[in-house]
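A structural walkthrough
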Amino acid sequence: MSFDLVFFGGTGDLTWRKLMPALFQAFRHGKLPPGGRILAVARDERSDDEYRAFIRERFVEVESAKRPTDEEFSRFAELLHYRRMDLSKPEDYAGLKSWLDERGADTVVLSLAPAPYLFPVICEQLGAAGLNGPQVRVVLEKPLGHDLASAHEINSAVAKAFSEPQTYRIDHYLGKETVQNLMVLRFANALFEPLWNRTHIDHVQISVAETVGVGGRWKYYNESGALRDMIQNHLLQLVCLTAMEPPSTLDADMIRDEKLKVLRALQPIYAADVAQATVRGQYRAGTVDGKSVPGYLEESDADPVSNTETFVAIKVGIDNWRWAGVPFYVRTGKRLPSRSSEIVVQFKTPPHSPYPASAGTIHPNKLVMRLQPDEGIRLVMLNKGRGPGELKLHQTALDLSFAETFGGRSPDAYERLLLDVIRGRPALFMRLDELEAAWRWTDGILHGWADTALAVKPYAAGSWGPTAAISLIERDGRTWHEDDI
């Protein structure tokens, strides 16, 4: 199957930091279909060889195990091409079409990595140039809008040139190994699915923690904030995959239909609810990994005043038969103590304990799914301590490390997703109605914050966020999960 993969914004950070290394790994391990070309387009004037040299230099910043040897890069570079384009000029799109038509590849993938406000202009020009035929697929990077209205405007413009089956809205979290394994864990094992409901599950926690700050992206991030940047897309997708009903088949639309039902069942959070159901935080100066780091308002390109949140915690309710009364606690933030992403399903404690108090506390079972950094699954349960004498209960864990169990390498999320686009597999990409349902729920919180002027609460860099985030869960008699066994 021949393919042409075109990156708009081909000299941008996303392309050289994530996309090119992902494609190289697919190439190195024989996963990239033969007969492919990779074309970068940008405003700069460069030759193919100059662009190849540019990418080769950037590979120095990739982790050492994933860097190409000179011989490997020489072979990979044969796939790389470059065209200068002014995205506002129709003649440049006509030139791109001529370049693509020279070969007539079976599949053409157009990956849009510039600022999303350019998507309507680019798609209009692509349609006018005839670069939207049935063999063409368009990839849209987040953020897709600033709210529901802007997301609808962008997607309406895209829809004038590309049909919904041609449109791939990428969320790299859906390409992670553990995220995909979540459905296998639930739907291919009789052990968990009968327990996966309000009768047996007490609550669910979903946490995505970052140690980094906003760095040189302050101006961009300040227009977004953690709710738009992480909750509206990544964490809501994790909620959907955890809470969805079993699809009849693994057909892409069957899966997306079930995710959509979850999004439509989310309890709305409006102005009257935001103070109790949400926490907004903003990091101050502190220490991360033993190093002093500045606060959000002290970053090099920062304004002196901002109410943008760098941390969010939310108590989410799902109004359906399976999950009524089971809270989903989600949190994400920057400058937290560790880089980690996990889903924790906490089961209810047994209704009666026959053991004496001296045996110890009956702790609830937990199923912990680690998305990063060490992908795996952990089942926390109680066991009897070894040896004679007085009986003692001990928390222990059955620990499945993907790296230790399966060996080999774990493909990068972007590697998997780009290959899925080339092969025409849309299951791991968001459909338009999913995106709009997620924004509709998120808008309620955004408007609630604005209407109540809810201020961000400070937290020290290197901590787990504002103390109010602890209160959010502890007022329900629960605590945030800590991997302490």
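Here's a quick rundown of the structure. Note that the structure is a prediction, hence the values are computed from the model and not measured.

Let us look at the sheet that holds strand β14 (residues 366-372). Strand order in this open sheet of nine strands is β16-β15-β14-β13-β7-β12-β11-β8-β17, and the pairing throughout is mixed. This sheet does not close on itself; its edge strands, each paired only once, are β16 (393-401) and β17 (457-460). The sheet shows a mean angle of 20° between the axes of neighbouring strands, direction not considered. By the bridge criterion, six bridges tie strand β13 (residues 340-347) to β14 in an arrangement that is antiparallel. Its bridge partner being in β14, Val345 is matched across the sheet by Leu367.

Let's shift gears to the packing of aromatic side chains. Working definition: an aromatic ring pair is given by the centre-to-centre distance plus the angle between the planes. In total, this model carries 15 aromatic pairs according to the counting rule given. Ring geometry for Phe24 against Phe76: centres 5.5 Å apart, planes inclined by 75°, an arrangement best described as edge-to-face. With a gap of 52 residues between them, Phe24 in helix α1 (residues 13-28) and Phe76 in helix α3 (residues 70-77) connect regions that are remote in the sequence. Across the pair, Phe76 and Phe24 agree in class, each one buried. An angle of 25° between the planes, with centres 5.3 Å apart, marks the rings of Tyr51 and Tyr82 as stacked.

Attention shifts here to unusual backbone geometry. Here the bond from Lys142 into Pro143 is cis, since omega is 5°, no more than 30 degrees from zero. Mapped onto the fold, Pro143 is located in the loop between β5 (136-140) and α6 (148-159). Following Gln372, the chain continues into Pro373 via a peptide bond in cis, with omega recorded as 5°. For Arg335, which is not glycine, the phi torsion reads 60° and is therefore positive.

Here helix α14 (residues 432-452) spans 30 Å end to end across 21 residues, near enough to the 30 Å set by a 1.5 Å rise per residue. At the C-terminal side of α14, Ala453 shows a positive phi close to 50°.

Put simply, side chains in a regular strand alternate between the two faces of the sheet. Of all six residues in strand β4 (residues 107-112), six are buried, a share of seventy percent or more. Going residue by residue along β4, you find Thr107, Val109 and Ser111 tucked away on one face and Val108, Leu110 and Leu112 tucked away on the opposite face as well. One ladder, built from six bridges, connects strand β1 (residues 3-8) with β4; its direction is parallel. Along β4, the bridge assignment pairs Phe8 with Leu112. The pairing of β4 with β5 spans five bridges and is classified as parallel. In the strand pairing of β5, Ser111 is matched with Val139. Running through helix α5 (residues 119-128), the crossover from β4 to the neighbouring parallel element β5 is right-handed.

Spatially, six strands are ordered β3-β2-β1-β4-β5-β6 in an open sheet, and the strand pairing comes out parallel. The sheet terminates laterally at β3 (80-84) and β6 (167-169), the two strands that pair on one side only. Recorded for the sheet is a direction-independent mean angle of 20° between the axes of neighbouring strands. Against the sheet, α1 engages β1, β2 (36-42), β3 and β4, with an angle of about 170° to β1.

With their axes 9 Å apart at the nearest point, helix α9 (residues 225-243) and helix α10 (residues 252-265) run at an angle of 110° to one another. Relative to α10, the element α9 is oriented roughly perpendicular. Handedness of the crossing formed by α9 with α10: right-handed. Taking contact as the criterion, the partners of Leu236, Gln237, Val239, Cys240, Leu241 and Ala243 in α9 are, on α10, Lys259, Val262 and Leu263. Along the lines of polarity and charge, the residues of the contact of α9 with α10 split into seven nonpolar, one polar and one charged.

Glancing now at the pattern of salt bridges. Here the structure, examined in full by the defined rule, presents 31 salt bridges. The partner of Glu177 in a salt bridge is Arg416, and the shortest N-O contact between them spans 2.6 Å. Placement of Glu177 in helix α7 (residues 177-187) and of Arg416 in helix α13 (residues 413-423) is noted, with a sequence separation of 239 residues between them. A relative accessible area of 27% places Glu177 in the partly exposed class.

Here we take up the side chain of Arg478. Checked against the element boundaries, Arg478 lands in the segment after α15 (467-474). Take Arg478: its relative accessible area is 16%, and that puts it in the buried class. Only 2.6 Å separates the side chain of Arg478 from the side chain of Asp202, close enough to count as a polar contact. Side chain to side chain, Arg478 and His203 meet in a polar contact 3.4 Å long. Not counting the four nearest positions on each side in its chain, Arg478 is found in contact with Asp202, His203, Pro327, Tyr329 and Ile473.

How each quantity is defined
Residues numbered from 1 in each chain as written. Predicted model: local features only at pLDDT ≥ 70, side-chain atom pairs only at ≥ 80, totals over all residues. Heavy atoms only, no water. Pairing = 2+ DSSP bridges. Helix = DSSP H or I, 4+ residues; strand = E, 2+ residues; numbered from the N terminus. Axes fitted to C-alpha atoms, helices over the stretch in contact; angles between N-to-C directions. Phe/Tyr/Trp six-rings, centres within 6.5 Å; stacked < 30°, edge-to-face > 60°. Buried < 20%, exposed > 50% of the residue type's maximum accessible area, 1.4 Å probe, protein only. Expected span 1.5 Å × (residues − 1). Right-handed = clockwise from strand over helix to strand, strands pointing away. Contact = heavy atoms within 4.5 Å. Parallel < 35°, antiparallel > 145°, perpendicular 65-115°, else oblique. Left-handed = near helix turned anticlockwise from the far one by under 90°. Nonpolar A, V, L, I, M, F, W, Y, C, P; charged D, E, K, R; others polar. Salt bridge = Lys/Arg side-chain N within 4 Å of Asp/Glu carboxyl O. Polar contact = N/O pair within 3.5 Å; in protein donor to acceptor, adjacent residues only side chain to side chain.

That's the geometry; what it means functionally is another story.
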